[in-house]
Structure formats: C-alpha cells, structure tokens
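# Tertiary structure, described
Residues per chain, in single letters:
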Amino acid sequence: MSDQDKASTSTHTDALVIGAGFAGVRMLIELQKLGLSAVALEAGTDVGGTWYWNRYPGARTDSESWSYCFPFPEIEQEWDWSERYPGQEEVQRYIGFVADRFDVRRHIRFGHRVTAATYDDADNTWTITTDDGNQFTCTYFFTGLGHLSVPQEPPYEGLDSFNGEVYLTGRWPKEKVDFTGKRVAVVGTGASGIQTIPHVAEVAEHLTVFQRTPNYVMPAQNHDLDDEFRRKIKSDYAAVWNKARNHVFGFPMDPAGRMYDDVEIDAERDRIFEEGWRNGGFHFVFETFDDLILDQRSNDAAAEFIRKKIREIVEDPETAELLTPRGYPYVSKRPPSGTNYYETFNRDNVSLVDIRTNPIEALTTNGLRTREREYEFDVIIFATGFDAVTGALNNIDIRGERGVGLSEYWAAGPETYLGIGTPGFPNMFMICGPQSAYANIPVIIEKVVEWLGRALTYMNEHGYDRMQPTAEATARWTEHVAEIFNMTLLPSGESFNSWYLGANIPGKPRRVLFYFGGAAGYFQEIEKSASHDFEGFEFSRLPVASGR
Ligand code: NAP
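Anyway, here's the lowdown on the structure attached to this text. Note that this is a predicted model, so its numbers are computed, not measured.

This part covers the overall build of the chain. Within the chain one finds 18 helices and 20 strands. Seen along its three principal axes, the alpha-carbon backbone of the chain occupies a region of about 75 × 60 × 45 Å. A separation threshold of at least 6 residues defines the contact pool for the chain, and within that pool the share at least 24 residues apart is 72%. Summed over its atoms, the accessible surface of the chain is roughly 22,200 Å², and 47% of this surface lies on carbon and sulfur atoms. Computed over 53 positive and 81 negative side-chain charges, the inter-centroid distance for the chain is 1 Å.

So, about the nonpolar core. Counting residues in each nonpolar core, the largest one holds 137 residues, and the members touching the most others are Tyr94, Phe142, Tyr330, Ile431, Trp451 and Tyr522. Tallying contributions element by element places helix H16 (residues 441-462) first for this core, with eleven residues. Here phenylalanine 142 is in contact with Ala15, Leu16, Val17, Ile18, Met27, Leu31, Phe429, Ile431, Leu452 and Leu456, once residues within four sequence places are set aside. Listed in part, the 23 residues of the second largest apolar core include Ile18, Leu145, Leu393 and Phe425.

The next thing to look at is the site of the ligand. Surrounding the ligand, one finds 26 residues, the nearest of these being Arg60, Tyr156, Ser192, Thr213 and Lys333. Between an oxygen atom of the ligand and a side-chain N or O atom of threonine 213, the distance comes to 2.4 Å. Between the ligand and alanine 383, the relevant distance is 3.2 Å, taken from an oxygen atom to a main-chain nitrogen or oxygen of the residue. Considering the ligand on its own, with 900 Å² of exposed area, one finds that the protein chains cover 89% of that surface.

Think of a sheet as strands paired side by side through backbone hydrogen bonds, with each pair either parallel or antiparallel. Within the open sheet, the three strands sit side by side as S13-S14-S15. Their pairing is antiparallel. Here the strands that pair on one side only, and so sit at the sheet edges, are strand S13 (360-363) and strand S15 (374-376). Adjacent strand axes in the sheet meet at a mean angle of 25 degrees, parallel and antiparallel pairs treated alike. One ladder, built from three bridges, connects S13 with strand S14 (residues 367-370); its direction is antiparallel. Counterpart to leucine 363 in the pairing with S14 is leucine 368.

Our next topic: the sheet that holds strand S8 (residues 183-187). In space, the five strands of this open sheet follow the order S7-S16-S8-S9-S12, with parallel pairing throughout. Both edges of this open sheet fall to strand S7 (165-168) and strand S12 (350-354), since each of them pairs with a single strand only. Here the strands of the sheet are splayed against their neighbours by 20 degrees on average, with no regard to which way each runs. Pairing of S7 with strand S16 (residues 379-382), which is carried by four bridges, proceeds in the parallel orientation. Paired with valine 166 across the two strands is isoleucine 380, which belongs to S16. Relative to strand S9 (residues 206-211), helix H6 (residues 191-203) is tilted by about 160 degrees, and along the sheet it contacts S8, S9, S12 and S16.

All right, on to the packing of helix H9 (residues 266-279) against helix H11 (residues 296-313) then. Two elements in contact, H9 and H11, have axes separated by 11 Å at closest approach and are oriented at 65 degrees. Crossing geometry of H9 relative to H11 is assigned as right-handed. Residues Asp270, Phe273, Glu274 and Trp277 of H9 pack against Ser298, Ala301, Ala302, Phe305, Ile306, Lys308, Lys309 and Ile313 of H11.

In this structure the tally under the stated criterion is 37 salt bridges. A salt bridge links aspartate 266 to arginine 269; the shortest N-O distance between them is 2.8 Å. Taken as a pair, aspartate 266 and arginine 269 lie in helix H9 at a separation of three residues, close to a single helical turn. Assessed through its relative accessible area of 53%, aspartate 266 is described here as exposed. By relative accessible area, which is 9% here, arginine 269 ends up buried. The salt bridge partner of aspartate 397 is arginine 399, with a shortest N-O separation of 3.0 Å. When its relative accessible area of 37% is taken as the criterion, aspartate 397 is described as partly exposed. The structure contains a network of salt bridges with shared partners spanning Arg26, Glu30, Lys33 and Glu446.

Quick look at unusual backbone geometry now. The phi dihedral of aspartate 533 is positive, around 55 degrees, even though this residue is not glycine. The exposure class assigned to aspartate 533 is partly exposed, which follows from its relative accessible area of 49%.

Structurally, threonine 470 can be placed in the loop between strand S19 (466-469) and helix H17 (471-486). Setting aside anything within four residues of it in sequence, one finds threonine 470 in contact with Pro423, Gly536, Phe537 and Glu538.

Another aspect to go through is the pairing of strand S6 (residues 135-143). The side chains of a regular strand alternate between both faces of the sheet. Across the nine residues that make up S6, a large majority, eight, are buried. Direction of pairing for strand S1 (residues 12-18) relative to S6: parallel, over a ladder of six bridges. When the bridges of S6 are listed, isoleucine 18 appears paired with threonine 143. Two elements, strand S5 (residues 125-130) and S6, share four bridges in a ladder whose sense is antiparallel. Residue pairing in the sheet places threonine 127 in a bridge with threonine 137 of S6.

For helix H7 (residues 227-235), the set of buried residues is Arg230, Ile233 and Lys234. Taken end-on, H7 shows its buried residues confined to a sector of 95 degrees, consistent with a single buried face. Of the exposed residues in H7, the ones pointing more than 90 degrees away from its buried face are Glu228, Arg231, Lys232 and Ser235. Buried positions along H7 lie against helix H4 (73-78) and helix H8 (237-246).

Okay, the packing of helix H2 (residues 22-34) against H16 next. Put simply, H2 and H16 touch, their axes get as near as 10 Å, and they point 30 degrees apart. By the angle between their axes, H2 is roughly parallel relative to H16. Along this stretch, H2 crosses H16, giving a crossing that reads as right-handed. Each of Phe22, Ala23, Arg26, Met27, Glu30, Leu31 and Leu34 in H2 lies in contact with H16, whose residues at this interface are Pro442, Ile445, Glu446, Val449, Glu450, Leu452, Gly453, Leu456 and Thr457. For the contact of H2 with H16, the residue count by class is ten nonpolar, two polar and four charged.

So, how was this worked out
Numbering of residues starts from 1 in every chain and runs along the sequence as written. The model is predicted, so local features are restricted to residues of pLDDT at least 70 and side-chain atom pairs to those at 80 or more, both for listing and for counting; the totals for chains, interfaces and linings are taken over all residues. In computing side-chain values, all of the structure's heavy atoms are included and hydrogens and water are not. Strands here mean DSSP runs of E at least two residues long; helices mean DSSP runs of H or I at least four residues long; both are numbered from the N terminus. We call two residues contacting when some pair of their heavy atoms lies within 4.5 Å. The method behind every accessible area is Shrake-Rupley, applied with a 1.4 Å probe, and residues are considered shielded solely by the protein chains displayed. As used throughout, the charge tally considers Lys and Arg to be positive and Asp and Glu to be negative, leaving His and the chain termini uncounted. One atom stands in for each charge, and that atom is NZ of Lys, CZ of Arg, CG of Asp or CD of Glu. Note on terminology: a nonpolar core comprises buried Ala, Val, Leu, Ile, Met, Phe, Trp, Tyr and Cys residues joined through side-chain atoms within 4.5 Å. Between buried and exposed lies partly exposed: a residue is buried under 20% and exposed over 50% of the maximum accessible area for its type, with that area taken using a 1.4 Å probe on protein chains only. The cutoff for a nearby residue is simple: one of its non-hydrogen atoms must lie within 4 Å of the molecule or strand. For this analysis, a polar contact is any N or O atom pair within 3.5 Å, provided that within protein one partner can donate a hydrogen and the other can accept it, and provided that sequence-adjacent residues contribute only side-chain to side-chain pairs. The pairing criterion is simple: DSSP has to find at least two bridges between the two strands. Only the contacting stretch of a helix is used when fitting its axis, a line to C-alpha atoms as for every element, and angles between N-to-C directions run 0 to 180 degrees. Handedness of a helix crossing follows the sense of rotation of the near helix relative to the far helix, less than a right angle counterclockwise being left-handed and clockwise being right-handed. Take a side-chain nitrogen of Lys or Arg and a carboxyl oxygen of Asp or Glu: if they are within 4 Å of each other, that pair is a salt bridge. Throughout, the arc means that of the directions going from the helix axis to the C-beta atoms. Any angle that falls under 35 degrees is termed roughly parallel, while one over 145 is termed roughly antiparallel, one within 65 to 115 roughly perpendicular, and all others oblique. When residue character is reported, Ala, Val, Leu, Ile, Met, Phe, Trp, Tyr, Cys and Pro are called nonpolar, Asp, Glu, Lys and Arg charged, and the others, Gly included, polar.

Next up, the structure:
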C-alpha cells in the first residue's frame with residue numbers, strides 16, 4: 001500500500017465495494033454513472049479477483065472469451081481476444097483494460113483486506129475495517145467477493161514439516177514456479193487440478209496425481225481466434241448478448257432442441273455426443289440433449305459416452321479404470337474442461353494414486369504419506385477447492401441491525417432474496433451472493449449491477465435511503481432455490497462433495513448455494529421485482545439527516 005493510499009483511507013463515500021474483480025469493477029462503473037462517490041477495497045495489488053489469485057499453470061476460462069466479458073459497445077469493438085478460452089493473464093488484462101477505459105482504477109485501494117463491516121442503525125452507515133486497522137464509512141455497501149475466492153487450506157498434518165515447496169492453485173505466487181526436473185505431487189482433480197496437471201507433467205521429472213473422485217472431463221478444444229472470426233462476432237455483438245441472456249447458462253448458444261426420448265437410435269445418440277465432444281467444453285452439456293440434468297437416462301447415456309472416451313484415450317486399463325467416474329451423475333459436480341488431460345496419463349513420467357481407497361494421512365519431511373506408503377516430492381500442489389460462495393462473506397465479521405452477525409444469522413446456511421440482499425443487513429448488496437444464478441458469471445454480474453443501479457435510482461427518486469429484503473421474500477426465494485435444485489439430478493452430487501451445496505468443506509452446513517433455474521429465469525425474477533417497485537424489498541428513510 002502506498003503512503004498516498006494510507007493517508008486517504010478515513011473517508012466517507014456514498015458507496016463502498018469490496019473486491020476489484022469482474023463484479024467490483026463493473027459496480028464501480030455503475031456508481032460512477034450514477035454520480036455517487038465510491039471506493040473499492042481490494043486485497044490484491046491489482047484488479048482481477050479470481051483472475052488475480054488463480055494464476056496457476058494452465059489457468060484459463062471454460063467460457064468462450066467473446067461472452068466472458070461485458071456488453072459495453074465501445075469495449076467490444078476495441079478489445080481483441082486471442083483465444084477461444086483465454087488464459088488467466090489475458091482475462092486479468094481485460095479487467096484492467098475495462099477499469100482503465102472507464103477510469104475507475106483511481107477509486108480502488110489495493111492491498112486492503114477487509115476484516116469487518118458494521119452497520120450503525122442510528123445513522124444508517126456502514127463502517128468497513130481493513131486488516132491494517134483503516135476504517136471507511138459508506139451508506140451503500142457492495143460485496144463483489146467472487147464465488148470461489150477462499151481456498152481450502154490443505155487439511156493434513158505435517159504441513160510445516162515438509163521441506164519442499166507447497167502451492168495452492170487458488171493462491172498462486174506471481175513469480176514463475178519452475179518444475180523442471182522436479183518430483184511434483186498434485187492433490188485434487190477438480191477444474192483447477194485438471195488444468196494444472198498437463199502443464200506440470202510436461203516439465204517435471206515425475207508427476208504424481210492424487211485423486212479422490214474421478215471427474216467427467218470434457219476436452220476444451222481451445223484454439224486461437226483469427227481476424228475473420230473476431231470481425232464476425234463484432235459485426236453483430238447484440239446477437240451474442242441476446243443469445244447469452246436467453247440461454248440457461250448465459251452462453252451464446254442455442255438449446256439442443258431435443259430430449260433424450262426424441263432420439264430412438266443409440267448410434268444417433270452417440271453421433272450427437274460425438275459432435276458435442278468435438279465442439280468441446282460446455283457445448284457437450286448444452287448442445288446434446290436438453291434434459292441432460294433432468295432425466296437420469298439422458299444423463300446415464302452422456303456419462304457412459306464419456307467413460308468410453310476415457311477407455312479409448314488412456315492406454316493403461318488400470319489407470320483408465322481409476323480415472324473413470326461412477327456413482328454420481330454427470331454435471332452434479334461442476335464438470336471441468338481440460339486440454340490433454342486424459343492423454344497426460346499416457347506419459348511415462350505421470351502416475352495416479354487413488355486416495356479414496358488409500359487416503360493421504362500426513363505430509364512428511366520429504367513428501368507425503370498415504371495409508372499404504374510414503375512418497376518423496378520436491379513440490380506439492382494443492383488443487384483442493386474452495387469454501388465456495390459463503391466462505392468469503394463469512395470470513396468478514398459482517399454485523400447488521402442490532403449487531404447481528406451474518407455468519408450467525410446464516411449458521412444453518414445462507415438465506416437471501418435473489419442472491420442480492422439478506423434481511424437485517426440494510427443497504428448491503430451482494431453482487432452475485434449465495435442463491436444468485438449459476439451461470440456464465442460476467443453475464444449475471446452485468447444484469448445484477450444494472451438492477452442495483454436501478455434500485456439506487458429508485459431510492460433516490462422516492463426519498464429513501466435504506467433498503468433490504470423482507471423476511472417473507474427471502475424465505476420464499478430460499479425455498480424456491482431448493483425446489484428447483486431438487487427437480488434436477490444435481491442433489492446426487494452431495495455424497496460426492498459437490499461445492500454447489502457446500503458439501504466439499506467438512507462441517508459446512510448443506511444448503512443449495514445457487515439458483516439453478518437458469519440465467520434467463522433469474523433475469524425474469526429480478527426484473528419482476530424491479531418492475532413492481534422492487535417487490536420483496538422494504539424501503540425506509542432515516543428520520544434525521546445524519547449530517548455527513
Ligand atoms: P474442486 O472442484 O472443489 O476440486 C477439488 C479437488 O480436490 C477435488 O478433486 C476434490 O476431491 C479434491 N479434494 C478436496 N479436498 C480434499 C482432501 N481433503 N483430500 C483429497 N482431495 C481433496 O476445486 P477446483 O478444482 O479449484 O474448482 C472449483 C471450481 O472453480 C470449479 O468447479 C469451477 O467452477 C471453478 N474453476 C473454474 C475454472 C475454469 O473456468 N476454467 C478453473 C478452475 C476452477 P473430491 O471431488 O473427492 O471432493
């Protein structure tokens with residue numbers, strides 16, 4: 001933190017935003033448009049959020065670049081994506097470009113980790129405290145904390161005794177990490193592990209992958225974009241956004257337009273899956289059968305197709321068997337996209353250890369010990385996931401009306417209305433908090449931020465300065481979110497530690513953390529509220545001016 005930053009921290013602004021990732025930067029732009037004074041506090045030293053911290057080898061998006069961005073007409077025409085699925089550095093650079101283009105970087109205080117946020121009932125003010133003791137006050141308090149920003153700490157004894165290097169994919173250092181000629185372990189085979197593994201394998205002397213649950217990994221089929229493709233996208237960007245906003249996952253894709261029962265011949269189903277596999281990534285989920293997450297038979301067919309692919313790609317039958325997911329439906333855990341993932345296990349310098357039957361017991365001086373034996377490593381990489389969605393909120397001591405703590409209020413799991421607000425925490429707005437839509441995140445952020453801009457304008461026009469959801473609307477939404485989840489095959493992921501429910505973190509209360517009714521469905525819900533005077537929220541005004 002610079003001296004200039006330190007000297008100017010005891011300010012009051014209309015609004016304060018935590019985080020300078022996609023959500024925080026987009027919110028600052030909206031606040032600037034509304035003419036409100038604002039500051040954003042960011043723990044990192046640059047913008048990017050997820051794309052600042054997750055700089056592990058191979059980190060790239062699973063959303064296609066041209067829809068993993070904001071629909072600002074000026075920026076769409078100026079920015080050129082280089083790849084179908086851009087790497088971490090490019091996405092972070094894009095967020096920086098947006099921040100600079102709208103001149104909001106000057107509102108961001110870097111190197112400030114927020115530890116507490118306290119609402120004062122008497123003067124309708126939030127006081128935000130950072131880890132270096134600085135305090136900021138504001139009327140409107142926004143969290144743009146990211147769904148996946150608190151990595152799970154390695155849950156093993158002996159961490160300190162290990163003499164080698166330890167890395168977490170979710171907290172990767174800025175300096176280049178060189179694995180050349182080293183003996184490396186990767187623990188975890190979720191989306192992060194799957195992207196890291198092939199890169200490490202290329203240079204390490206030996207890579208040992210410790211897998212608890214095999215995943216259904218789709219080939220990303222990443223490639224460079226050429227000028228002609230970019231021109232085509234830019235010539236009708238409105239059509240891209242129109243599709244994305246009407247798509248269940250916020251992608252510019254058309255629905256498959258068919259259900260499992262619409263195709264009677266197995267060979268034809270296989271042809272459809274083959275095409276999905278060739279198109280790669282989420283195209284397999286969304287362009288094969290529209291009932292993939294609703295109909296067990298549809299899902300079984302997709303899962304079996306992937307299993308067949310694994311057996312075809314992986315040469316050693318025993319390794320192929322270990323990599324084959326069973327017992328839980330495809331997509332009930334978030335399916336990753338990889339590049340050369342299964343192929344990597346054909347390399348002589350890569351081995352796979354099943355830690356479901358042979359769990360890791362502890363780290364040792366020279367490596368780690370499973371129930372069966374000890375392994376020696378120079379480097380251990382933990383790709384063991386995140387305390388998702390609520391972790392970052394619960395890490396901050398947030399206190400609303402009458403000093404009630406958010407983490408106590410959510411002791412049995414989060415309850416929100418629309419993933420935006422929670423009762424008893426006036427003027428605290430979560431940009432994609434728990435129970436917001438599960439979909440391509442920049443598309444959701446854009447709509448939520450627009451909605452928030454309208455809500456602030458509504459308050460201003462009606463002479464209100466305080467807004468929070470009602471307990472009834474919140475209870476209804478929580479129930480609705482659970483109902484939708486239970487209509488799908490997703491609940492089966494619970495026994496396989498799906499983070500959609502918090503089931504990946506020991507002791508975390510189980511609650512559906514997202515609205516799975518689709519991006520378009522979510523947009524309808526938030527629009528319904530906004531167009532009916534923000535139905536589900538209650539408004540008030542402080543009787544006496546606070547004098548600030
Ligand atoms: P994750 O999906 O939760 O995977 C964590 C992995 O670590 C799993 O294989 C898990 O096994 C294993 N694990 C967890 N705790 C363990 C323990 N105590 N002992 C042994 N193994 C353990 O985490 P992630 O890979 O970081 O991905 C999280 C989410 O971030 C993704 O689902 C995705 O939404 C997002 N992400 C996106 C991208 C992208 O878009 N390209 C890239 C990376 C991450 P179990 O399955 O048995 O629990």
